[in-house]
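Residues per chain, in single letters:
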Amino acid sequence: MNINKRIGEVVESSSLQFTVQCYDLYKSPNIGTLVKCGSDPQLFGIVYDVSNKSMDPARRPVPRGRNENKEEEVYLSNPQLNRLLITEVNCVLVGYQSVDEINQSPVSLPPMIHSFVIECSDEELKRFSSCLDFLPLLLESPVLNSIDEVISSFLIKSSRVHDDSSRFLIYAGKELAFNLSGQLIRLNNLLKRISK
Amino acid sequence: MNYEINNQPYEDTNILGMVVSGSLNNGVEVKLKPEKSVSEIKVGRYVSIEAESLKFFGVVTDIELGATDQTLRVNPPEISNPFIAKVISGSTAYGVIQVEPMLILSQDELDLIDGPQPAKTIPPHFSKVSFASDKDVETVFGLESNTNFWLGNPLDMDTAKLCLNIEEFIKRSNGVFGKSGTGKTFLTRLLLLGIIQRGVASQLVFDMQSEYGWKGFSEESKEVKGLKQMFSSKVAIFSLDEESSKRRGVNPDYVVRIGYEDIEPGDIAVLKETLNLSEVAADAAYSLERFYGSNKWFKEFLSLSGGDEFIELARSLNINQAALSSLKNRLSRFKRFDFIDQSGGNDSVTQILSYLDRGMHVVLEFGRYGSDLAAYMLVANLLTRRIYARYAILAEKALGDPTQQPTPLVITIEEAHKFLSPDIASQTIFGTIAREMRKHNVTLLVVDQRPSGIDDEIMSQLGTKITCLLDNEKDLDSVLTGVSGNRKLRSVLSRLESKQQALIFGHAVPMPMVIKVRDYGTATSYGDFQIEDTKFNFDEDNEDLFGKKL
Ligand SMILES: Nc1ncnc2c1ncn2[C@@H]1O[C@H](COP(=O)(O)OP(=O)(O)OP(=O)(O)O)[C@@H](O)[C@H]1O
Ligand SMILES: [Mg+2]
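First things first, this report covers the structure right here in the doc. Quantities reported herein were computed from a predicted structural model and do not represent experimental measurements.

## Brief notes about helix 12 (residues 307-317) of chain B
Residues and elements named next belong to chain B. For helix 12, the set of buried residues is Phe310, Leu313, Ala314 and Leu317. The buried side chains of helix 12 occupy one side of the element, clustering within an arc of 95 degrees when seen end-on. Across helix 12 from its buried face, at more than 90 degrees, point the exposed residues Asp308 and Arg315. Looking at the buried positions of helix 12, the neighbouring elements they touch are helix 10 (279-292), helix 11 (297-303) and helix 13 (321-332). Directly after helix 12, the chain includes Asn318, whose backbone phi takes a positive value near 60 degrees.

## Re the packing of helix 5 (residues 147-161) of chain A against helix 6 (residues 165-179) of chain A
All names here are of chain A. At a minimum axis distance of 9 Å, the contact between helix 5 and helix 6 shows a crossing angle of 150 degrees. Here helix 5 lies roughly antiparallel to helix 6, going by the angle between them. For the pair helix 5 and helix 6, the sense of crossing is right-handed. Residue-level contacts link Ile151, Leu155, Ser158 and Ser159 of helix 5 to Ser165, Phe168, Leu169, Ala172 and Leu176 of helix 6. Looking at side-chain class alone, the contact of helix 5 with helix 6 contains 6 nonpolar, 3 polar and no charged residues.

## Remarks on the state of the cysteines
The full count for this structure, using the stated rule, is 0 disulfides over all chains. Cys91 of chain A supplies the cysteine sulfur nearest to Cys37 of chain A, a cysteine that is in no disulfide, at a spacing of 7.7 Å. By relative accessible area, Cys37 of chain A is classed as buried at 1%. Unpaired in terms of disulfides, Cys163 of chain B finds its nearest cysteine sulfur in Cys468 of chain B, a separation of 18 Å.

## Examining the site of ligand 1
All names here are of chain B. Taken together, 18 residues form the shell around ligand 1, and within it Gly181, Lys184, Thr185, Glu219 and Arg518 come nearest. Here Lys184 contributes a side-chain N or O atom positioned 2.8 Å from an oxygen atom of ligand 1. Out of a free accessible area of 630 Å², ligand 1 has 84% covered by protein chains. If one sorts the elements of the shell around ligand 1 by residue count, helix 6 (residues 184-198) sits on top with 3 residues. Residues that form the shell around ligand 1 fall into these classes: 4 nonpolar, 7 polar and 7 charged.

Thresholds applied
- Residues numbered from 1 in each chain as written.
- Chains lettered and ligands numbered in written order.
- Predicted model: local features only at pLDDT ≥ 70, side-chain atom pairs only at ≥ 80, totals over all residues.
- Heavy atoms only, no water.
- Buried < 20%, exposed > 50% of the residue type's maximum accessible area, 1.4 Å probe, protein only.
- Helix = DSSP H or I, 4+ residues; strand = E, 2+ residues; numbered from the N terminus.
- Arc of directions from axis to C-beta.
- Contact = heavy atoms within 4.5 Å.
- Axes fitted to C-alpha atoms, helices over the stretch in contact; angles between N-to-C directions.
- Parallel < 35°, antiparallel > 145°, perpendicular 65-115°, else oblique.
- Left-handed = near helix turned anticlockwise from the far one by under 90°.
- Nonpolar A, V, L, I, M, F, W, Y, C, P; charged D, E, K, R; others polar.
- Disulfide = S-S within 2.5 Å.
- Near = heavy atom within 4 Å.
- Polar contact = N/O pair within 3.5 Å; in protein donor to acceptor, adjacent residues only side chain to side chain.
- Areas by Shrake-Rupley, 256 points an atom, 1.4 Å probe, with all protein chains shown as cover.

Listed below in structure tokens is the structure:
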């Protein structure tokens with residue numbers, strides 16, 4: 001259905017995560033989306049945060065719509081906004097592809113700045129999510145605290161590309177249960193999210 | 001784990017899970033595979049464990065629910081959400097079974113010949129545990145054959161036949177236990193039929209309720225065939241109560257009469273409790289015997305009129321008069337037994353022996369006397385004592401010439417605890433037979449609903465025990481004393497179904513096993529015996545045509 005979509009380029013990176021500046025304002029994948037970047041090795045990340053802001057951190061946007069009737073008109077009247085404002089996406093690194101194999105383990109080097117970032121296709125998502133060995137990486141991610149929302153979105157998206165989505169979710173649920181032994185309340189909440 | 005692999009249907013749905021911990025003393029703990037539910041597995045189920053080059057055979061002795069998260073108990077997840085319930089079960093909450101490894105079979109070709117050995121070690125971590133296959137049952141218990149009798153099916157294994165080696169079985173005295181209505185009689189009848197069919201021993205059955213010889217009844221009051229209907233040319237029915245036999249449509253081969261002269265003081269001693277005799281009163285019988293002579297004491301004593309004569313007797317025997325009079329009182333009761341004949345008995349013992357010598361089986365029906373414990377005990381004890389004495393002589397003779405050994409004899413008694421209770425076991429002939437193992441080629445098959453009433457030493461001498469449900473603590477203890485792993489077998493035994501299920505263990509079987517006892521009483525069940533007859537060449541006609549089998 002969706003062909004590979006290039007969304008932007010890496011503008012900041014570490015071996016845990018990277019930041020993508022999207023080519024177009026507001027044209028970002030949403031949270032839980034699997035993306036890839038770089039080559040040799042190709043790295044995989046999952047979107048965990050999306051932000052919109054001024055390109056120049058020193059210049060905050062000011063309100064411009066006092067005399068407009070609709071929000072869209074603000075942009076129509078100020079076409080320069082599309083260049084002054086940017087959409088940024090933060091991704092957590094969850095694995096890499098070496099030769100023909102997907103490794104769901106920490107990467108040893110971060111992606112280069114200006115690496116092209118591409119949203120993975122359904123096929124790629126299906127292949128990647130057939131294995132959930134990266135879950136502990138995410139569950140214990142020091143990067144941010146609303147990671148459970150990211151995981152559940154990722155799992156729901158993945159379930160849609162598998163032939164038997166409910167069976168996939170049970171498999172995923174069991175993996176979560178395995179990784180969250182001792183955190184029953186967290187597990188329960190996560191499962192509730194993906195059961196919808 | 002990979003989703004695609006994980007969701008391959010397991011090649012073998014028989015695999016239950018894997019060993020996660022354990023000890024030789026306590027058995028091993030097996031974590032169930034997520035998709036296996038604890039309710040699929042019953043205590044007593046036969047399982048096998050693969051461990052490299054070894055295969056273990058064991059029995060499920062306990063079933064538990066485990067949780068990786070201890071807060072599960074206080075804070076259960078939202079299992080009202082079916083998705084959550086599905087995920088949690090088998091992962092955070094999982095099933096655990098306890099398995100007692102009993103036997104070990106090395107896959108080594110040389111060792112295979114020796115067959116399974118008692119397990120002196122346990123399988124290592126992560127060994128795969130599965131339900132045992134029909135083949136496993138065969139490997140351990142053997143195929144149906146001319147010595148192996150199909151007694152039932154292992155628990156929840158309807159296509160696997162569990163066979164009992166009848167030849168081994170009769171080498172020792174054995175016991176059938178279970179509380180009332182659990183299927184002891186049906187089970188015993190099967191064992192008797194098995195022994196007849198396999199032709200390894202003669203039998204004498206003291207048929208208290210007259211339910212073995214010609215016909216018995218199932219709970220739905222349906223008639224079931226007795227031994228004679230199944231093997232007419234090999235079974236003789238003796239009766240104590242001809243009238244009752246006739247009424248039930250049985251034409252007995254012989255009607256037993258006991259003479260006053262047949263009764264010995266030892267026969268009275270056995271009845272001490274049943275007749276409520278004091279020690280002194282029971283012992284008086286011995287003094288009477290010395291006084292009157294061994295064939296006459298009973299007759300003379302009972303014909304005493306009382307009065308001065310009686311006081312005189314008490315004085316000369318130096319016995320308390322009240323004790324003597326209570327003895328006379330109780331013994332007078334025997335006058336009411338029609339099978340006791342003042343003018344002398346018929347030679348029932350010789351008659352019985354003549355059948356046994358020919359390898360036949362004698363069932364003695366008690367008719368209405370079956371409800372009189374004193375009559376039952378008197379006759380069983382009296383006949384057995386004499387028959388055993390004859391076997392002792394024969395066996396003695398055979399010492400020089402082993403080919404002269406008498407055919408083994410199996411004697412079946414019901415209400416066995418009456419004969420084998422701790423205070424009289426040493427005095428009854430049954431106690432002697434049980435203790436002497438198979439000294440003179442005679443063994444017992446004791447049938448009882450209250451094994452705790454049987455002397456401990458005798459219980460420990462029983463080779464093979466087959467026990468249906470028991471729920472009294474003392475009975476459980478008594479049946480399982482001296483059995484290895486008895487704490488665990490106890491939980492298996494106390495959870496048998498209330499009917500037609502039994503735990504078999506001991507001498508004649510390689511490992512304890514829960515069985516559903518073979519169905520008896522339907523046309524198919526009778527037919528199965530015929531099929532066996534031809535399959536193993538037990539058929540009479542064949543014997544006649546081709547000469548007796550050796
Ligand atoms: N192997 C079997 N095949 C068919 N029916 C059976 C079998 N075992 C038990 N039953 C059923 O269970 C009933 C009770 O069995 P049985 O009479 O053998 O019990 P019991 O232990 O001898 O009882 P009691 O202590 O009263 O003598 C039978 O009447 C029959 O209906
Ligand atoms: Mg009975």
